[in-house]
Amino acid sequence: MDQSTENKQEILCIGSVLWDVVGRATIAMRAGSDVPGRIQRIPGGVAMNIAMALGRFGLQPSALTAIGIDPEGEELMAACTRLGVDTTHAYRSPDLPTDQYMAIEGANGLIAAIADAHSLEAAGARILSPLRDGPLGTSEAPYEGTIALDGNLTHALLEEIATDPAFARADLRVAPASPGKAERLLPFLRHGRATLYVNLEEAGLLCQQIFDTSEEAASALVARGAKRALVTNGANPCSDGNADGVITAAPPEVLVTRITGAGDTFMAAHMAAEISGMARGAALTRALEAAAIYVSGELPS
Ligand SMILES: Nc1ncnc2c1ncn2[C@@H]1O[C@H](COP(=O)(O)OP(=O)(O)OP(=O)(O)O)[C@@H](O)[C@H]1O
Ligand SMILES: O=c1[nH]cc([C@@H]2O[C@H](CO)[C@@H](O)[C@H]2O)c(=O)[nH]1
């Protein structure tokens, strides 16, 4: 281990590490538009986005995911190394192509996106082997560190994680992959083992209820069985609820230049703050500050 990594805290990120292919146009678009613009390919997937943000906050992220042994996978492995995300424990299969996500963004925001995470889903429990069969942990000697988990895994695998003894001692923090996959996190309401990081819409989908405030949503998630729930609501106040009650704080007012990634930045900053020993209130404030810096266009650290 070299000098730069020996004092950093390792943190596992479980879920999608894939290529994002994003087409952007500066004019407003709708279904069927065919316009000039730019197309970029960048590392993505919720677990990867959280891992990259955790790295920026001084932690040492390691990904448990599926990455193909195809040219796209080799390039993605190199990109992870370059971006400070360890892939020693990633599952590599010659039969599964590297996953990808495709989005189209116009001046009026996201028009549509497709997430092809079929290889991650097909790899299933094989990505968890380092936590179940070693070297990171076993049922008898469970992993005791912090884990960020995304909701790209199948509902069945998330259900297993919610009760698996190999996860019993971890500080498990879970984020949905998209509103469309929010309901995959229901096992963590039935088995109160995880801290959930959701936005107001995702909280509503999990509780089958419409919420006006993050405070209402956080207390409803805890009432439904979540051990702890952090609910963000864009520029509006954000809440942290657990059995002791709900605390709420407002994001600083900033000029917004980008939004995508705000939720991942919030989660990573909040995890890093708590790992460094901050209390609930201070960690919430720190995470809101980091997300504000991010949406205003800088990379917080
Ligand atoms: N307009 C804003 N002004 C200030 N802070 C913001 C704004 N939008 C988002 N944030 C910050 O980012 C956090 C997460 O935002 P949001 O609730 O929109 O999450 P999300 O929907 O998961 O984001 P994402 O766009 O990454 O999916 C907020 O709690 C807040 O701290
Ligand atoms: O179903 C999914 N949708 C979107 C993402 C990721 O979220 C980011 C966009 O919000 C992007 O990086 C994409 O890969 C994912 O991992 N799964």
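This structure is a prediction, so every number in the text was calculated from the model and none was measured. (Residues numbered from 1 in each chain as written. Chains lettered and ligands numbered in written order. Predicted model: local features only at pLDDT ≥ 70, side-chain atom pairs only at ≥ 80, totals over all residues. Heavy atoms only, no water.)

Caption draft 1: Main features of the sheet that holds strand β7 (residues 100-106). Pairing within the open sheet is mixed, and its four strands lie in the order β3-β2-β7-β8. Edge positions in the open sheet fall to β3 (38-44) and β8 (109-116), since each of these has one partner strand only. Averaged over neighbouring strand pairs, the angle between their axes works out to 15° when direction is ignored. As judged from the six bridges shared by strand β2 (residues 18-24) and β7, these two strands associate in the parallel manner. (Pairing = 2+ DSSP bridges. Helix = DSSP H or I, 4+ residues; strand = E, 2+ residues; numbered from the N terminus. Axes fitted to C-alpha atoms, helices over the stretch in contact; angles between N-to-C directions.)

Caption draft 2: Quick look at the site of ligand 2. In the neighbourhood of ligand 2, 13 residues make up the surrounding shell, with D20, G45, N49, N152 and K181 lying closest. A distance of 2.6 Å separates an oxygen atom of ligand 2 from a polar side-chain atom of D20. Within the side chain of N49, an N or O atom sits 2.8 Å from an oxygen atom of ligand 2. Considered on its own, ligand 2 offers 390 Å² of accessible surface; in the complex 84% of this is hidden by protein. When contributions to the shell around ligand 2 are tallied by element, the ones reaching two or more residues are β2 and α1 (46-56). Of the residues assigned to the shell around ligand 2, the class counts are five nonpolar, six polar and two charged. (Near = heavy atom within 4 Å. Polar contact = N/O pair within 3.5 Å; in protein donor to acceptor, adjacent residues only side chain to side chain. Areas by Shrake-Rupley, 256 points an atom, 1.4 Å probe, with all protein chains shown as cover. Nonpolar A, V, L, I, M, F, W, Y, C, P; charged D, E, K, R; others polar.)

Caption draft 3: Seen up close, the nonpolar core. Counting 42 residues, the largest nonpolar core has I14, F188 and L221 as its most contacted members. In this structure I14 touches A47, L64, I127, L128, L131, I147, A148, L149, D150, L153 and F167, once residues within four positions along its chain are discounted. Residues V46, A51, V85 and A249 belong to the second largest nonpolar core, which totals 38 residues. (Core = buried A, V, L, I, M, F, W, Y, C linked by side-chain atoms within 4.5 Å. Buried < 20%, exposed > 50% of the residue type's maximum accessible area, 1.4 Å probe, protein only. Contact = heavy atoms within 4.5 Å.)

Caption draft 4: Spatial organisation of the packing of helix α9 (residues 262-275) against helix α10 (residues 280-295). For the pair α9 and α10, the least separation of the axes is 8 Å and the interaxial angle reads 145°. Classified by chirality, the crossing of α10 by α9 is right-handed. On α10, the residues that touch A262, T265, F266, A269, H270, A273 and E274 of α9 are R280, A283, L284, R286, A287, L288, A290, A291, Y294 and V295. Of the residues in the contact of α9 with α10, the class split is 12 nonpolar, two polar and three charged. (Left-handed = near helix turned anticlockwise from the far one by under 90°.)

Caption draft 5: Quick look at helix α5 (residues 155-163). Regarding α5, the residues found buried are L157, L158, I161 and A162. Taken end-on, α5 shows its buried residues confined to a sector of 145°, consistent with a single buried face. Buried residues along α5 sit in contact with β9 (146-150), β10 (171-175) and α6 (187-190). (Arc of directions from axis to C-beta.)

Caption draft 6: Representation of the packing of helix α7 (residues 200-207) against helix α8 (residues 214-223) within the structure. Two elements in contact, α7 and α8, have axes separated by 10 Å at closest approach and are oriented at 35°. Relative to α8, α7 is oriented so that their crossing is left-handed. Where α7 approaches α8, its residues L200, A203, L206 and C207 are matched on the opposing element by S214, A217, A220 and L221. Taken together, the residues of the contact of α7 with α8 break down into seven nonpolar, one polar and no charged.

Caption draft 7: Broad picture of the UniProt feature "domain: Carbohydrate kinase PfkB" (unreviewed entry) in the protein. On the UniProt side, "domain: Carbohydrate kinase PfkB" (unreviewed entry) is annotated at positions that read residues 9-296 here. Each end of residues 9-296 is marked by a C-alpha atom, and these two atoms are 28 Å apart; helix forms 33% of the span and strand 27%. (UniProt positions renumbered as here; feature names shortened; annotations may be inferred.)

Caption draft 8: Structural detail: the packing of aromatic side chains. The tally for this structure, following the rule as stated, stands at one aromatic pair. For the pair Y197 and F266, a centre-to-centre distance of 6.5 Å together with 65° between the ring planes defines the contact as edge-to-face. One end of the pair, Y197, is in strand β11 (residues 194-199); the other, F266, is in helix α9, and 69 residues separate them in sequence. Taken as a pair, Y197 and F266 share a single burial class, namely buried. Seen from the ring of W19, R41 lies directly overhead, with NZ or CZ sitting 3.9 Å from the centre. Between R258 and the ring centre of Y294, over which it is positioned, the NZ or CZ distance is 3.9 Å. (Phe/Tyr/Trp six-rings, centres within 6.5 Å; stacked < 30°, edge-to-face > 60°. Lys NZ or Arg CZ within 6 Å of the ring centre and 35° of its normal.)

Caption draft 9: Molecular detail of α1. Along α1, eight of the 11 residues are buried, which leaves the element largely enclosed by surrounding structure. Along α1, the residues that are buried comprise V46, A47, M48, I50, A51, M52, A53 and L54. With its phi angle positive at about 90°, G58 sits one or two positions after the end of α1.

Caption draft 10: Summary view of the site of ligand 1. Taken together, 17 residues lie around ligand 1, and N199, T232, G234, G261 and G263 are the ones closest in. At 2.8 Å from an oxygen atom of ligand 1 is found a main-chain nitrogen or oxygen belonging to G234. Coverage of ligand 1 by the protein amounts to 81% of the 630 Å² it exposes when considered alone. Put simply, the parts of the chain that give the shell around ligand 1 at least two residues each are β12 (228-233), α9 and α10. It is α10 that provides the largest number of residues to the shell around ligand 1, a total of three residues.

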